[in-house]
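Now for the letters of each chain:
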Amino acid sequence: MRIKKKKVLFLTIGTEVLASSRVRVYQYLPFLEDAGIRCFVMSMVRKPAVAGMKPSFWKGIRILMGRIVKYLKIGYYCLVCDVVLIQKVLFPVWRQNLIRLLNRNLVFDFDDAIYLSGPLEALHRKGVREERVCHLLRICRCVIVCCEHLRSYSRPHNQNILMITGPVDCERYVPRKQREENGKLIIGWIGTPNTTPYLEPLIKVFAEIERNYPQVAIELIGASPLKGTCQAVKIVEWSFAGELDHLHRFDIGIMPLWDNEQSRGKGGYKLLQYMAIGIPCVASPVGINSSLIQEGVNGYLADSEEQWYEKLARLIENQALREAMGARGREIAERDYSLRVSAPKMAEYLKRIG
């Protein structure tokens, strides 16, 4: 007797190039297919418009027709699939209701404090993002979040919540085989231009490290230029193909954050990447960072310039300590936060819905 596969439609905020969509959806797909779930993915990303340029009439018609076709396809898949998972997409409330009319088995997955007002909302009306998030939380069968802060935020609106931190693919992110002899010791960070401002409080710390430890370099993957930084800092362009090679250069990974609502909703993915490749971490004690970092075991927490310098210096001066903390971090990543551990949970969760 042939077993009918469960069909799941994923509506993602981006393609696999976007870290959030890659981590929360795309990397799961082979595991879900192996578990008997047939997956359909549609990305909601739009091509950015060129500032100051209006499309021609016929190009505008083609864009409009393309959007109509896309939403007709969404409607069709909503009808034929058993579950619709919305990954971080904040559709207008009327469109959320329409999707729910077509399929009552909705799942909402989000891994950031996306309910916070954006800068353009002053031109529209306050709280539109939060209104959309809260409405989606209420109409969904269940919710998937990345951290305790987002679970607490979601709980008044929906009691069926699954928390999956990360996950990190420990078969892709593996420890390097050996360190380059006579090479620089690298303190590293990975992020995006949008998250570069989190590094600004460490500019003086970087300068102090440069003065006292000339053997140390600081590499920032995916960052935009930092004003007033020292010569030891190098900005490295991010690409998925080259990401692992750059991470393997790191000896210490850092994750500074401001202590605010936005930061408390983050999932700590860069810490998981550092842990998976077997290096110690130093991070701000904000949100999930305080759970991922076990003080003195796989890294340190620091909330002042003095603490950042002192704990980075401790790791710079002690190779054995770096190696021991890195090995422990790898163990924790594999045991608690790996894709191999989380994928079966996700598959079982999706199978139970409806």
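Everything below is about the structure printed above this text.
Given the structure is predicted, the values throughout are model-derived calculations rather than measurements. (Residues numbered from 1 in each chain as written. Predicted model: local features only at pLDDT ≥ 70, side-chain atom pairs only at ≥ 80, totals over all residues. Heavy atoms only, no water.)

For the structure on display, the rule yields zero disulfides. Free cysteine cysteine 146: the closest other cysteine sulfur is in cysteine 147, separated by 4.0 Å. Lacking any disulfide linkage, cysteine 170 is separated from the closest cysteine sulfur, that of cysteine 281, by 13 Å. (Disulfide = S-S within 2.5 Å.)

Further remarks concern the pattern of salt bridges. Pairs may arise between side chains of opposite charge once their charged atoms sit close together. Evaluation of the coordinates by the stated rule reveals 19 salt bridges. The shortest N-O distance in the salt bridge between arginine 211 and glutamate 208 comes to 2.3 Å. In this pair, arginine 211 and glutamate 208 both sit in helix α7 (residues 203–212), three residues apart, roughly one turn of the helix. When its relative accessible area of 57% is taken as the criterion, arginine 211 is described as exposed. In this structure, arginine 314 and glutamate 310 form a salt bridge, with 2.2 Å as the shortest nitrogen-oxygen distance. In this pair, arginine 314 and glutamate 310 both sit in helix α12 (residues 305–317), four residues apart, roughly one turn of the helix. Accessibility expressed as a relative area gives 35% for arginine 314, which makes it partly exposed. (Salt bridge = Lys/Arg side-chain N within 4 Å of Asp/Glu carboxyl O. Helix = DSSP H or I, 4+ residues; strand = E, 2+ residues; numbered from the N terminus. Buried < 20%, exposed > 50% of the residue type's maximum accessible area, 1.4 Å probe, protein only.)

For the structure on display, the rule yields six aromatic pairs. Ring geometry for tyrosine 76 versus tyrosine 77: centroids 5.2 Å apart, planes at 70°, classification edge-to-face. Its relative accessible area of 22% is what places tyrosine 77 among the partly exposed residues. Sitting over the ring of tyrosine 300, arginine 314 keeps its end group 4.9 Å from the ring centre. (Phe/Tyr/Trp six-rings, centres within 6.5 Å; stacked < 30°, edge-to-face > 60°. Lys NZ or Arg CZ within 6 Å of the ring centre and 35° of its normal.)

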